[in-house]
Amino acid sequence: MSRILVVNSGSSSFKYQLLELDGERRLASGLVERIGEAQGRLEHRVPGAETIEVVAPVADHTAGFALMVEAFAQHGPDLAAEPLLAVGHRVVQGGKRFFEPTVVNDLVEINIEDLSELAPLHNPGAVQGIRAARAAFADVPHVAVFDTAFHQSIPEAASTYAIDAELAERHRIRRYGFHGTSHKFVSETAAAFLGDDAFTGVVLHLGNGASACAVRDGRSIDTSMGMTPLQGLVMGTRSGDVDPAVLIHLQRRAGLSVAEVDDLLNKRSGLLGLTGSGDMRDVRRRANDGDADARRALDVYAHRLRHYLGAYLLELGTAQAVVFTAGVGENDAVLREELLAGLEPFGIVVDPERNASPERGVRRISSDDSRIAVLVVPTDEELEIARQAAAVV
Ligand SMILES: Nc1ncnc2c1ncn2[C@@H]1O[C@H](COP(=O)(O)OP(=O)(O)O)[C@@H](O)[C@H]1O
Ligand SMILES: CC(=O)OP(=O)(O)O
Ligand SMILES: [Mg+2]
């Protein structure tokens, strides 16, 4: 018995994988997206078979989970054929309470729900997913794996906001950091690739959500996301860093409500706010066609990234590598080249041919004389969640 189902809940979507841990094989994977919109969509992939697509309204994560179970029932593999070892759940916010993979019981579930205010886009969907999964697979242990866990090692100097200390304590205001499962997986993979026990360097996770992480000896010492996944880099729809006074100004002068500001910064900013599209491929295409807004958005995106990269290299004092991962990081060679151009004096030299190579998998894109290596490491949050879930059951 070594099959694990992993559910990676996002705000309006979730990804899933059925994994065979012996040999770490993927038996199926899929995606339920546009949850809550007029028309949702499921994509179910079984290696060697044609991809299944279902278009139907998906009211919430509960309905999405049912659609996924239906896809397994109709198109395989049969989830009932062999008992699951565990169901692994990605939970974005674990607060100060959860720093280990945790077997879910009613109390854990309530605690995760309580943490929703510290990850309002992510935790509510995860809770729905967990409830639906516990109902559907009642005899199987469910394990929550937290995005925040890897960042527990961040020192206070980096996790503390300079605001009223008592107020911050009472309202749990501090930097938690996210994407930890990915940052951990990627830094361990990078260490293995470099032939080292532990990784020291900077990981740039650039997907729809995006964050940078400074890793010393395999432990996170700083990261760009903060109390919520809104801080830091420019993202698909999130602003990342803004002057906090912008929020006050928008409420006081532009007449926006709290909910409107929340919606603006989380769902209508970032690449979407600057260009009308939150998808990097569209933005890149439009910039290539000479669109000035798209070009500016790419420049803002790279400028913010360079800001964090520089800060983290200085914080670390030494680095084996800068590592790119997730949708943009793994695929956008032009971004990587533009970002790192001119950093030769700092020991970072990209090899243009290696960078542009269509090769997949873990690879080095720096030249042999680059003091700090530059790597591309595909992330696999689901595999990491499965490994961690298996370790606790
Ligand atoms: N070839 C590519 N070039 C540039 N961006 C890409 C490419 N492929 C995917 N992306 C971008 O990656 C982002 C999605 O990243 P991903 O890691 O899949 O997101 P998620 O956070 O939803 O897991 C999107 O902005 C998408 O445009
Ligand atoms: C924490 C976070 O931002 O996650 P995602 O990138 O999946 O939105
Ligand atoms: Mg992601």
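Residues numbered from 1 in each chain as written. Chains lettered and ligands numbered in written order. Predicted model: local features only at pLDDT ≥ 70, side-chain atom pairs only at ≥ 80, totals over all residues. Heavy atoms only, no water.

S.K.: Honestly, the packing of helix α10 (residues 280-288) against helix α11 (residues 292-316) in this entry has me stumped. Any pointers?
M.R.: The relative placement of two packed helices comes down to the angle between their axes together with the axis-to-axis distance. Packing of α10 against α11 brings their axes to within 8 Å, and their N-to-C directions diverge by 125°. By the criterion of interaxial angle, the relationship of α10 to α11 is oblique. The handedness of the crossing between α10 and α11 comes out as left-handed. Residues Met-280, Val-283, Arg-284, Arg-286 and Ala-287 of α10 lie in contact with α11, whose contacting residues are Ala-294, Arg-295, Ala-297, Leu-298 and Tyr-301. Of the residues contributing to the contact of α10 with α11, the split by class is seven nonpolar, no polar and three charged. (Axes fitted to C-alpha atoms, helices over the stretch in contact; angles between N-to-C directions. Helix = DSSP H or I, 4+ residues; strand = E, 2+ residues; numbered from the N terminus. Parallel < 35°, antiparallel > 145°, perpendicular 65-115°, else oblique. Left-handed = near helix turned anticlockwise from the far one by under 90°. Contact = heavy atoms within 4.5 Å. Nonpolar A, V, L, I, M, F, W, Y, C, P; charged D, E, K, R; others polar.)

S.K.: Mind showing me how you'd approach a nonpolar patch on the surface here?
M.R.: Taken together, Val-103, Val-392 and Val-393 make up a surface patch of nonpolar side chains, about 200 Å² in accessible area. By secondary structure assignment, the location of Val-103 is in strand β7 (residues 102-103). The partly exposed category is assigned to Val-103, whose relative accessible area is 40%. (Patch = residues over 30% accessible without salt bridge, like charges linked within 9 Å, V, L, I, M, F, W, Y side chains within 5 Å. Areas by Shrake-Rupley, 256 points an atom, 1.4 Å probe, with all protein chains shown as cover. Salt bridge = Lys/Arg side-chain N within 4 Å of Asp/Glu carboxyl O. Buried < 20%, exposed > 50% of the residue type's maximum accessible area, 1.4 Å probe, protein only.)

S.K.: What should I look at first to understand the domain arrangement of the chain in this one?
M.R.: When the parts come together, some accessible area is lost, and that loss is often what is quoted as the size of the interface. Domain annotation of the chain identifies domain 1 (3-146) and domain 2 (194-376). Relative to domain 2, the C-alpha centre of domain 1 lies at a distance of 27 Å. Both faces combined, the contact of domain 1 with domain 2 buries some 470 Å², and carbon together with sulfur accounts for 71% of it. The three residues of domain 1 that bury the most area against domain 2 are Leu-118, Leu-121 and His-122, which together make up 72% of that side's buried surface. (Domains from an automatic or database assignment. Buried area = accessible area lost by both parts, 1.4 Å probe.)

S.K.: Looking at this structure, I do not really get the site of ligand 2. What am I missing?
M.R.: Within the structure, ligand 2 sits among Arg-90, Val-92, His-122, Asp-147, Phe-178, His-179, Gly-209, Met-225, Pro-229 and Arg-238. Separating an oxygen atom of ligand 2 from a backbone N or O atom of Gly-209 is a distance of 3.3 Å. The side chain of Arg-238 places a nitrogen or oxygen atom 2.7 Å from an oxygen atom of ligand 2. Relative to its unbound accessible area of 260 Å², ligand 2 is 85% covered by the protein chains. Both domains that furnish three or more residues to the shell around ligand 2 are identified here as domain 1 (3-146) and domain 2 (194-376). (Near = heavy atom within 4 Å. Polar contact = N/O pair within 3.5 Å; in protein donor to acceptor, adjacent residues only side chain to side chain.)

S.K.: What is the right way to read the side chain of Asn-8 from this model?
M.R.: Among the structural elements, Asn-8 can be located in strand β1 (residues 3-9). For Asn-8, the side chain forms a polar contact with the side chain of Glu-381, separated by 3.3 Å.

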